[in-house]
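Now for the letters of each chain:
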Amino acid sequence: MQAPLAEHNWQADIARGQVAITRGQAIIAAITAIAAVGAVIFSALTVNASQEGQYTERFNKAIEQLDKSGSDHLQARLGGIYALERLGKDSARDQPVIIEVLSAFIRSTTPTRSADWPSTAAKCPDKPVATDVQAALTVLGRRDVRNDKDVYPDLSGACLRQANLQDAYLAGANLSKADLGGSNLSGAWLTAAKLRQTGFESQNAPYTSLYKANMIEADLSGAKFGGAYLGGADLTETKRDGDTSVDGAITTHETKGKWW
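One structure accompanies this document, and this report is about it. (Residues numbered from 1 in each chain as written. Predicted model: local features only at pLDDT ≥ 70, side-chain atom pairs only at ≥ 80, totals over all residues. Heavy atoms only, no water.)

Thoughts on the layout of surface pockets
Here the largest pocket is characterised by a volume of approximately 510 Å³. Ala-122, Lys-123, Asp-179, Gly-199 and Asp-219 are the residues nearest the centre of the largest pocket, which is lined by 18 residues in total. Taken as a whole, the second largest pocket holds about 160 Å³ of empty space. Along the wall of the second largest pocket there are 13 residues; nearest its centre are Glu-85, Gln-95, Val-139, Arg-143 and Asp-144. (1 Å grid on protein atoms, 1.4 Å probe; cavity = no way out; pocket = protein on both sides within 12 Å on 5 of 7 lines; lining within 4 Å. Points joined across faces, edges and corners; volume = space filled by probe spheres on them.)

Written out as structure tokens, the structure reads:
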């Protein structure tokens, strides 16, 4: 006699089928998610590349404007200066280069010193800085210093007489041998600035921060430093005259070369 057929477990088959379907759906969902992430990454890279291209184009255009010389191109140069400022705000990574470009523009645009016989010391012309130079100084002085990446303005040897640097942030800047005669440095930040042999003749510099500034051999003839902070500054061999005023200037035990 033939043995009876075992009862088939259809419910188990159905359960296994459902599991297989669920796994398939999970795999499809994972693939879809990966594809979506890839699309997002690709899109982000494309946007970033496009943005970088725009930054490069803006930078090159600004440089072209700065390179236009002559009084008839003043507006073009001003446009280039403010375009670089805007670029620095939009692209923090470009700010160090912008600092170097504007510094070079100022150094190369300011007048050169001349010596009148029998004088042996070359002097800057006694006239205010040009409009475009002042604009570049203003932009450097109000930049977002968090994006400097240890790059500081280099204005060494520049003729900056009668410049307006009120409240300018120039900490760490190199102003060695620059001529700041007659400039307004009220409230300026010159912390740790290099000011060796810098001229401060007839200067308005109240409440200027000169903390740990290197002022060795600086010319303070006629300088007005009332209320300036000179803590840690090096005043060794500074030149001065009867018109030099340091009334109310603040010093510390670290201040070197104090003569009053």
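From this point on, the discussion continues.
Observations concerning the state of the cysteines
Following the criterion strictly, the structure yields one disulfide and no others. The disulfide bridge from Cys-124 ends at Cys-159, spanning 2.0 Å between sulfur atoms. Disulfide Cys-124 to Cys-159: torsion about the S-S bond roughly -75 degrees, handedness left-handed. With Cys-124 in the loop between α3 (95-109) and α4 (131-141) and Cys-159 in the segment after α4, the pair connects residues that are 35 residues apart, well separated along the chain. On the basis of relative accessibility, which here comes to 9%, the residue Cys-124 falls in the buried class. (Disulfide = S-S within 2.5 Å. Helix = DSSP H or I, 4+ residues; strand = E, 2+ residues; numbered from the N terminus. Buried < 20%, exposed > 50% of the residue type's maximum accessible area, 1.4 Å probe, protein only.)

Thoughts on the environment of Leu-220
If you trace the backbone, Leu-220 turns up in the segment after α4. Given the relative accessible area of 2%, Leu-220 is considered buried. With 23 residues separating them in the primary sequence, Leu-220 and Gln-197 have C-alpha atoms 9.6 Å apart. Ignoring any residue separated from it by four or fewer positions in sequence, one finds Leu-220 in contact with Phe-200, Met-215, Phe-225, Thr-238, Lys-239, Arg-240, Thr-244 and Trp-259. (Contact = heavy atoms within 4.5 Å.)

Quick look at the pattern of salt bridges
This model, assessed by the stated rule, comprises eleven salt bridges. Across the pair Asp-154 and Arg-107 runs a salt bridge whose closest N-O atoms are separated by 3.9 Å. Of this pair, Asp-154 sits in the segment after α4 while Arg-107 sits in helix α3, and the two are 47 residues apart along the sequence. Taking relative accessible area as the criterion, Asp-154 reaches 26% and is therefore assigned partly exposed. Taken together, the shared-partner salt bridges connect Asp-126, Arg-161, Asp-179 and Glu-201 into one network. (Salt bridge = Lys/Arg side-chain N within 4 Å of Asp/Glu carboxyl O.)

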